[in-house]
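Report on the structure
Here is how the chains run, residue by residue.
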Amino acid sequence: MNETQRKQDDELLQLVTFSIGEEEFGVEILKVQEIIRTMEITKVPRAPEFVEGVINLRGKVIPIIDLRRRFGLDSKTHDKHTRIIVIEINNMIVGFIVDSVSEVLRIPAGTVEPPPPVVAGMESDYISGVGKLQDRLLILLDLDRLLSQEDMSVLNTI
């Protein structure tokens, strides 16, 4: 084992994990600003299909994206487990609706493999890797690629 490989195995990734449908996802904890319960979301006319609307979070208007719709899954009624993960992407604060937030995990970087071309029926464009845990796989999202430049431009006008 070379020095780079050993260093990579020693490096721990800190992730916030959440579920959408049957799949479990993870995002870098440093990108997450906060996790909140769902609140009243104001619809925005002519917004892209995956944009649920906007919320007022302590005086800031934040666009809210339904990750189920972003991934092409059927919508689901929000319940007591539904959460909004508030994240900064490309200097913009955005909220993502997820089915539930699971835990904060630390996994060795060496357990993450590059994504196969299609993961869980989704294009792998915005998947940075797949983490192998003892009894499950964790899909790691590349938040900077989750929204295209075009999507970001549209969100800036909301």
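Residues numbered from 1 in each chain as written. Predicted model: local features only at pLDDT ≥ 70, side-chain atom pairs only at ≥ 80, totals over all residues. Heavy atoms only, no water.

So, the overall build of the protein
Within the protein, the secondary structure is distributed over four helices and 13 strands. Here the protein holds 158 residues, and 43% of them are scored as buried. Per element, the accessible surface of the protein, about 9200 Å² overall, is 47% carbon and sulfur. (Helix = DSSP H or I, 4+ residues; strand = E, 2+ residues; numbered from the N terminus. Buried < 20%, exposed > 50% of the residue type's maximum accessible area, 1.4 Å probe, protein only. Areas by Shrake-Rupley, 256 points an atom, 1.4 Å probe, with all protein chains shown as cover.)

Side note on the environment of I97
Within the secondary structure, I97 is located in strand β7 (residues 92-98). Overall, I97 belongs to the buried group, its relative accessible area being 4%. C-alpha separation for the pair I97 and I20, spaced 77 residues apart in sequence, amounts to 9.1 Å.

Observations concerning the pairing of strand β5 (residues 60-66)
Counting buried positions over the seven residues of β5 gives five, a clear majority of the element. The pairing of β5 with β7 spans three bridges and is classified as parallel. The residue bridging I64 from the neighbouring strand is G95, located in β7. (Pairing = 2+ DSSP bridges.)

Some words on the pattern of salt bridges
Under the defined criterion, the tally for this structure stands at twelve salt bridges. Here E34 and R58 are joined by a salt bridge, their closest N and O atoms 2.3 Å apart. With E34 in strand β3 (residues 32-37) and R58 in the loop between β4 (51-57) and β5, this pair connects stretches of sequence that are 24 residues apart. Across the salt bridge formed by D99 and R68, the nearest N and O atoms sit 2.9 Å from each other. One end of the pair, D99, is in the loop between β7 and β8 (100-108); the other, R68, is in helix α2 (residues 67-70), with 31 residues separating them in the sequence. A single burial state applies to D99 and to R68, both of which are buried. Each member of the salt-bridge network shares a partner with another, and the members are E24, E103, D135 and R136. (Salt bridge = Lys/Arg side-chain N within 4 Å of Asp/Glu carboxyl O.)

Some thoughts on the nonpolar core
Generally speaking, soluble globular proteins have nonpolar side chains that are buried together. Counting residues in hydrophobic clusters, the biggest one holds 27 residues, and the most contacted among them are F18 and F96. Of all the secondary structure elements, the ones that give two or more residues to this core are β1 (12-20), β2 (23-28), β6 (83-89), β7, β13 (137-141), α3 (143-146) and α4 (149-156). Among residues more than four places away in sequence, those in contact with F96 are I65, L67, R83, I84, I85, I87, I89, L146 and L147. Among the nonpolar cores identified, the runner-up in size contains ten residues, and L57, I62, V86 and I97 belong to it. (Core = buried A, V, L, I, M, F, W, Y, C linked by side-chain atoms within 4.5 Å. Contact = heavy atoms within 4.5 Å.)

Concerning the packing of aromatic side chains
Summed over the entire model, instances satisfying the criterion amount to three aromatic pairs. When the ring of F18 is compared with that of F25, the centres are 5.7 Å apart and the planes differ by 20°; the resulting orientation is stacked. On the accessibility criterion, F18 (1% relative accessible area) is buried. Judged by relative accessible area, which is 1%, F25 ranks as buried. Taken together, the ring pairs connect F18, F25, F71 and Y126 into an aromatic cluster. One residue, R70, lies across the ring of F50, its end atom 4.7 Å from the ring centre. (Phe/Tyr/Trp six-rings, centres within 6.5 Å; stacked < 30°, edge-to-face > 60°. Lys NZ or Arg CZ within 6 Å of the ring centre and 35° of its normal.)

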